[in-house]
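Descriptive analysis of the structure
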Amino acid sequence: MYTKQVLDHFRNPRNLGALKNSDAIGQKGNPACGDVMKIYLKVGSRDGDGTAKQEYIQDIRFETLGCAAAIAVSSLLTEAAKGKSLKEAKAITKNRIIEDAGGLPPAKIHCSMLGIDALREAIDNYQQSK
Ligand code: FES
C-alpha cells in the first residue's frame, strides 16, 4: 500500500502544471506502461564558490500523464530539486526520492525514474541550448 507521504503528494501535488517562460523542458515516457512526464525549468544565477556564478533551479513544475505513484514522486522530486544547483539536481537519485516517499510498492519502483529522467533531460537541454 502507499505511504502517507505518497497519498499526500498524489492528492495535493506540489509544483503541478506548465511553467510559462521556462528555460528548458524535459520529457520522458515509460514504454512499459505508456505514462509520460514533462518537467519545466526556470534557471537562475547566484553567487557560487569564489567568484564563479552558479546556475540553479529557481522554479520547477511538472505535468504527468501517469499513475498515482508517478504523480506523487514527481511532486516529491520537484520539491527536492527546487533551489539546487544544476549539478546537485542532476545527482538526485531514485533512492533519495523513494526515501522521501517513505517507500514504494515494488511494482511501482520504476515510476520513480520517470521524473528523474525528465529532470536530467531538461537540464541537458538547457545546457545544450547555451
Ligand atoms: Fe507508469 Fe507508474 S505505472 S509510471
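This is a predicted model, so every value here is computed, not measured.

1. A closer look at the pattern of salt bridges
In this structure the tally under the stated criterion is 9 salt bridges. As a salt-bridge pair, K53 and D47 come within 2.9 Å of each other at their nearest N and O atoms. With a closest N to O distance of 3.0 Å, D100 and R96 form a salt bridge. Remark: R96 and D100 occur in helix α4 (residues 94–100); sequence separation between them is 4 residues, near one turn of the helix. For D100, a relative accessible area of 24% gives the class partly exposed. Several salt bridges share partner residues, and in doing so they unite D8, R14 and E79 into one network.

2. Structural notes on the side chain of H9
Along the polypeptide, H9 turns up in helix α1 (residues 4–11). A distance of 2.7 Å separates the side chain of H9 from the side chain of S75, its partner in a polar contact. Among residues more than four places away in sequence, those in contact with H9 are R14, I71, A72, S75, L76 and E79.

3. Some words on helix α2 (residues 68–81)
When the terminal C-alpha atoms of α2 are compared, their 20 Å separation across 14 residues agrees well with the 20 Å that a helix rising 1.5 Å per residue should span. Backbone geometry just downstream of α2 places G83 in the positive-phi region, at approximately 90 degrees.

Definitions and limits used
Residues numbered from 1 in each chain as written. Predicted model: local features only at pLDDT ≥ 70, side-chain atom pairs only at ≥ 80, totals over all residues. Heavy atoms only, no water. Salt bridge = Lys/Arg side-chain N within 4 Å of Asp/Glu carboxyl O. Helix = DSSP H or I, 4+ residues; strand = E, 2+ residues; numbered from the N terminus. Buried < 20%, exposed > 50% of the residue type's maximum accessible area, 1.4 Å probe, protein only. Polar contact = N/O pair within 3.5 Å; in protein donor to acceptor, adjacent residues only side chain to side chain. Contact = heavy atoms within 4.5 Å. Expected span 1.5 Å × (residues − 1).

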